[in-house]
Amino acid sequence: MREKVEKVIIKNIPNISIRVIDKNDDKYLTRNKKKYPFILENDVNFLVKTSRREFEFQIFEGFVWNGADIPKIFFFIGQSKDNNYLVASMVHDYLIEYKHFIRKHILKEQVSMKEYRRLTSLIFREILKDHKTNVVKANIMGFAVDFFQMTFCAKNWRCKKCK
């Protein structure tokens with residue numbers, strides 16, 4: 001039986017801000033703020049309950065991300081900067097960015113990279129549902145995220161020592 005995400009509990013409310021470009025910012029920082037316009041202003045703790053395990057992780061104050069990556073052709077799903085998707089995209093981006101640390105130290109390497117990739121998409125989907133996204137839309141978005149990661153980011157999920 002494949003692992004299912006039963007619940008994602010956000011233990012404290014994320015305080016999310018938009019990063020403002022300042023006239024004194026250098027080119028690198030300006031580019032970074034445009035690419036990653038959102039910043040987390042407080043530490044946020046999460047508890048994930050699945051059909052096989054329960055684990056906790058924390059996203060630290062100062063984490064930056066780009067919002068949901070929704071191609072313009074799929075405008076009917078929503079806008080990439082839509083508030084309804086901010087928390088789910090933050091968590092997913094964090095889980096992807098720190099995948100090696102989380103797999104090793106939090107999940108104790110009990111899941112393969114392939115299973116971890118799928119788990120991050122299921123967590124994304126569950127948070128979308130909890131934030132009032134229509135179940136059908138949340139399922140489509142979760143599938144699309146997993147498909148994109150599997151297809152276009154496959155090299156990021158290959159790791160000889162991580163199998």
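What you see as residue numbers is a count from 1 along each chain, following the sequence as written. For a predicted model such as this one, the threshold for reporting local features is a pLDDT of at least 70, and the threshold for listing and counting side-chain atom pairs is 80 or more; totals across whole chains, interfaces and linings nevertheless cover every residue. Note that the side-chain values use all heavy atoms of the structure and ignore hydrogens as well as water.

(A) Layout of helix H2 (residues 83-97). Under the scheme used here, helices are H or I runs from DSSP no shorter than 4 residues and strands are E runs no shorter than 2 residues, and both carry numbers assigned from the N terminus. A helix is expected to span 1.5 Å multiplied by its residue count minus one. In this model, H2 (15 residues) spans 21 Å end to end at C-alpha, consistent with the 21 Å of a helix rising 1.5 Å per residue. Note on exposure labels: buried denotes an accessible area under 20% of the residue type's maximum, exposed denotes more than 50%, and partly exposed covers the range between, all computed with a 1.4 Å probe on protein chains only. The element H2 is largely enclosed, with a buried count of eleven among its 15 residues. Here H2 has its buried residues at Tyr85, Leu86, Val87, Ala88, Ser89, Met90, Val91, His92, Tyr94, Leu95 and Ile96.

(B) Spatial organisation of the environment of Asn15. Looking at the secondary structure, you find Asn15 in the loop between strand S1 (5-10) and strand S2 (16-18). Residue Asn15 is classed as partly exposed on the basis of its relative accessible area of 41%. Residues Asn15 and Leu40 lie 25 residues apart in sequence; the distance between their C-alpha atoms is 5.9 Å. Only heavy atoms matter for contacts: two residues are in contact if any of them lie within 4.5 Å across the pair. Apart from the residues within four sequence positions on either side, Asn15 is in contact with Ile39, Leu40, Glu41 and Asn42.

(C) Structural detail: the sheet that holds S1. A pair of strands is considered paired only if DSSP assigns at least 2 bridges between the two. Strands sit in the order S1-S4-S5 across an open sheet of three strands; the sheet is antiparallel. Of all the strands in the sheet, the pair left with one neighbour each is S1 and strand S5 (54-59). Sheet twist, expressed as the average angle between the axes of neighbouring strands with direction ignored, equals 20°. In this sheet, strand S4 (residues 44-50) lies alongside S1 in antiparallel orientation, the contact comprising five bridges. In the strand pairing of S4, Ile10 is matched with Phe46. Helix H4 (residues 113-130) contacts S1, S4 and S5 of the sheet and is inclined by roughly 65° relative to S1. Orientation is described by axes fitted as lines to C-alpha atoms, over the contacting stretch for helices, and by angles from 0 to 180 degrees between their N-to-C directions.

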